[in-house]
Structures are given as structure tokens and as C-alpha cells.
Amino acid sequence: MKKPNKLQTIVSVASCKLTRALLRRTGRGGTAIPGIVALKLSKNVLSVPARGMKIIVVTGTNGKTTTCNMIAHAITSAGYPCLLNKSGANLLHGIASDLLCSTDWQGRPKYPYAVLECDEAALKQVVPLIHPGVIVVTNLFSDQVDRYGGVENTLKEIRTGVELSPKSTLVLNAEDPLSSSLALDTPNKVIRFGLEQSVGVQGNIDLSDAGTCPRCGSAYEYDYHVYAHLGGFRCPKCGLKRRTPDVAVTSIDEKDAAGTTVHMRTVAGSPDSRRIRIALPAVYNIYNAAAAVAASIAVNIPLEDACGSLSTVKSSFGRLETFDLNGIRLQMILVKNPAGCNQAFSYVTGLNEDYTAVLCLNNRTGDGHDISWIASTDYEKLCADPHLKKIYVAGDCAQALSERLKEAGAVSEDEERMEVITDYDEIVSRLKSEGRTAFLLPNYTSMMELRQALSKETGSRDFWE
């Protein structure tokens, strides 16, 4: 693709910056439209800032935002300025907006590093324009089936993007047979991350997304499971199996609501490991932390900075984000597919404290219109928890979700714990009057609406800040 000349670059960048400034003056995020304008004027303008940056792209089904946040925090902790597309606009135009608004008027980058969250289907559009040094694939699960189809289609989308970027280092989940398969028949350097069998975690087992061996088509067998289809997979016919990760968690030492302490091996094949505090709870954030360390290694961030930064990392927008409502702790956990939802339930039910759950479900374009995934989600685990005292259900699909929760045991003969309330201000008011810890479990667009109601009471920041 032809490189834009200086005038094209200046006009494109200026249009992007001015469009965003105008949109934000009116209270809008200005995430995608500035990028649309810029790429209309110069379709290859992203190559200008990309040439002067070390770029890490993070894709996959779950954990993209948090992993990006962890990597960026590691880089800044090492003393390097870093661009992060924290607005969450992870399609081509959103990424273009963030990149171009972080340059001077000639498109020269203000940051030496960029960590960019990228939608799985958008990867093939983004990587040819910015040529990232590193591509991280967190995991692959069924998600937005009306958009992606089956998880094999998602894998195909990501593989197309990887093939367009043969010089990128791949950072892959060693326990996910799908994302691990991206290392087959590729010239890319590969760094793997994962959890060793010694960790001893076993969440719900669901092999529906595991796929079959890409070499011979056989079903996988497992030596151990972490959760869903993540674990020690192997093909009994051709021998394809989980590879030993370069960055591996070897033990989980402490778990609480504020985070997890682990031992992590950071050199492949070494018997030595280091004690690391991860300032975010839940098993899936252990995976995210290991991915962040692996990505940091790929761009030569010192291990001391990469590992040490995990103890001070903050929650991302809507991802275990904590709010203080007049002294009441509210924690928001974005849930959008069975695997992520089940892990959220494992975290919540493992804390052994009384709480209210707020479950919100929309079926808009940003969420995926197909909500059939709630049928295979383990709401029974949540509803069986004796510490769950009240359930509020909200969103466009509140009625369907409440019916599913009834099937799961949300309502008993002698106690009705569940109530459908579609006014988010009313839910916040109820939580305030109850004075009890609450876990907020929305999908994407309902999260935006619930946060808006919360911000009136807690002063939470806008999503692009």
C-alpha cells in the first residue's frame, strides 16, 4: 500500500483530532468517527505513526482489556510512556482514532510504545496497516455467535490476521488448543504462557469449544483441566499436545477479593520461580497476568518491572472495577459468554460473604443479538450459593434472563430473592438502601447504562478516560 505524502498525513491527522475534539465537547466519546474520517482521507495513514512505535496488539475472546491494561502498566512502570486504547473501541476505526490522536500534526508518535486491544475479526484489517511487533491471543471461546458463527470461525479470522503479520511475535495461551494451534505452520516466533498442573485449579469443564486436532481431526484428551477447555490437552492419535509454557504459574499461594499471590516461572525450562502479587482476583486474571509478563518479555521490558507492576495494576473499565457507594462495595464484572460468566460465578461464590447480584442482559449489536448462550451458563452455581441474598435482573432481555434464573433455582417456595427492575437508577437506589456488598454482572451495552446510573452517585470516570 502506497505511503501517504506529508500533506495527506497532515490533513488526515488534523481531521481526526478536530473531529474527536468536537465530539467530546458535546459529551460524546469520539471513539470511531474520527478514525473513519481520517482513513477516508488517507487509507494508509496509520503506517506513519506505526513506524516509530513498538506495538503490541491483544486479541482473543476473554481478557483483552485487562491484559492490555497489565501490559501497558508494566511498560510505564519500566519508565516508558505507552499509548493504551482504553476507550475499548477495538475495531479498525477506533484504533485509528486513538493512534492518530496521539501523534503530532505530522503523524509522528508521542509514545514509543502502544498496547492496542483488537477485535478478533478486525485483526486482519488492523495488522497490515500497523505491523505490530507482538500479537497476544488470550483465549478462544464461543462468543457473539450471530456475528462470528462457531469458535472455529473466530480462529480462522485470527489466523488470517496472523498470516498477514509473519514478523510479529505470537504470545499464545499454552492451555487453549485453539489459540495454541496458531503456532502450527507459521514463521512467527512464539512465546507461550499458562498454568502448570501443579496449580491444581479445576473449574467447570466444558469441552464444547475445544475443537478437534487440526492435524488429524481426533478429539482431544486431557491430563488435567483448569476450566472450560483450558488444560493439559493432547491428541491420542497423532500426539499433538500442550507445549510447556515459557511463562508459567507453578502455584497459587493466596486468594482473596483484592487479588492473588502466585509463583511464576519466567524462563522456560528453569526450575526457579518468583513470588508475584497480582492486584486483581480470579483465576482468569492469573492467565491475563501471565500473558502480560510474556508480552513484556517479547518487547524487552525488564522482568523486575513486568512482574513487580502486577502488584499495583488497577482494574480496567467494567472488569472487576470497584465502586464505593456510600461505603458499600460494588464490584462490576463484565460477562458476555458462558466461559467468562462461569468464571465470574466461581469468583463471587468463593468469597464467602453475603451479597446482592445484579444481572443485566441486552442483545444489541455491541453484545451480539443471540442470547441463547444463557442456556448453557451455570446459573445454578450462583443460585445455590447461600450467601446470595438478593438478585436484581435488568436489561432489554430481563424477562428471558429471569426465566433462566428461575430454572436455576433463583426462586424457592419460601423465599423470593429475585426481582426484575429495568430502571438502573432504581437499582442503584435499592443497593444504597440495602447496604450490602453487591456484584454487578452486565454484558457490554448494559454495563454502559448501569455505569451511567452509578456515576451519578459515585463520580466514576467516563469510559474514554
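For the structure itself, consult the block above.
Computed from a predicted model, the values in this text were never measured in an experiment. (Residues numbered from 1 in each chain as written. Predicted model: local features only at pLDDT ≥ 70, side-chain atom pairs only at ≥ 80, totals over all residues. Heavy atoms only, no water.)

J.: Explanation requested: the pairing of strand 13 (residues 328-333) in the structure shown.
T.: Here is the key point about a regular strand: its side chains alternate between the two faces of the sheet. Where burial is concerned, most of strand 13 is hidden: five out of the six residues are buried. Examined bridge by bridge, strand 12 (residues 319-325) and strand 13 share six bridges and lie antiparallel to one another. In the sheet register, Glu-321 faces strand 13, and the bridge partner there is Met-332. Connecting strand 12 to the next strand, strand 13, in antiparallel fashion are two residues, including Asn-326 with a positive phi near 55°. In this structure, strand 13 lies alongside strand 17 (residues 438-442), joined through three bridges in parallel fashion. In the sheet register, Gln-331 faces strand 17, and the bridge partner there is Phe-439. (Buried < 20%, exposed > 50% of the residue type's maximum accessible area, 1.4 Å probe, protein only. Helix = DSSP H or I, 4+ residues; strand = E, 2+ residues; numbered from the N terminus. Pairing = 2+ DSSP bridges.)

J.: Looking at this model, I keep getting lost on the environment of Glu-416. Mind explaining?
T.: Mapping Glu-416 onto the fold places it in the loop between helix 14 (398-407) and strand 16 (418-420). For Glu-416, a relative accessible area of 60% puts it in the exposed group. A C-alpha to C-alpha distance of 35 Å links Glu-416 and His-229, two positions 187 residues apart in sequence. Apart from residues lying up to four places away in sequence, Glu-416 is in contact with Lys-390 and Val-411. (Contact = heavy atoms within 4.5 Å.)

J.: How do you make sense of the nonpolar core when you look at a structure like this?
T.: Most often, soluble globular proteins keep nonpolar side chains buried together rather than apart. Ranked by size, the top nonpolar core spans 82 residues in total, and within it Leu-359, Tyr-379 and Leu-405 carry the most contacts. Tallying contributions element by element places helix 10 (residues 283-298) first for this core, with eleven residues. In this structure, Leu-359 is in contact with Phe-345, Tyr-379, Leu-382, Ile-391, Tyr-392, Val-393, Ala-394, Leu-401, Leu-405 and Leu-441, ignoring residues within four places of it in sequence. (Core = buried A, V, L, I, M, F, W, Y, C linked by side-chain atoms within 4.5 Å.)

J.: Which parts of the structure should I look at to understand helix 10?
T.: Residues that lie three or four places apart on an α-helix share one face, since the helix turns once every 3.6 residues. For helix 10, built from 16 residues, the straight-helix expectation of 22 Å at 1.5 Å per residue is met to within 8% by its first-to-last C-alpha distance of 23 Å. Extensive coverage of helix 10 is indicated by the burial of 14 of its 16 residues. Asn-300, located one to two residues past helix 10, shows a positive phi value of around 65°. (Expected span 1.5 Å × (residues − 1).)

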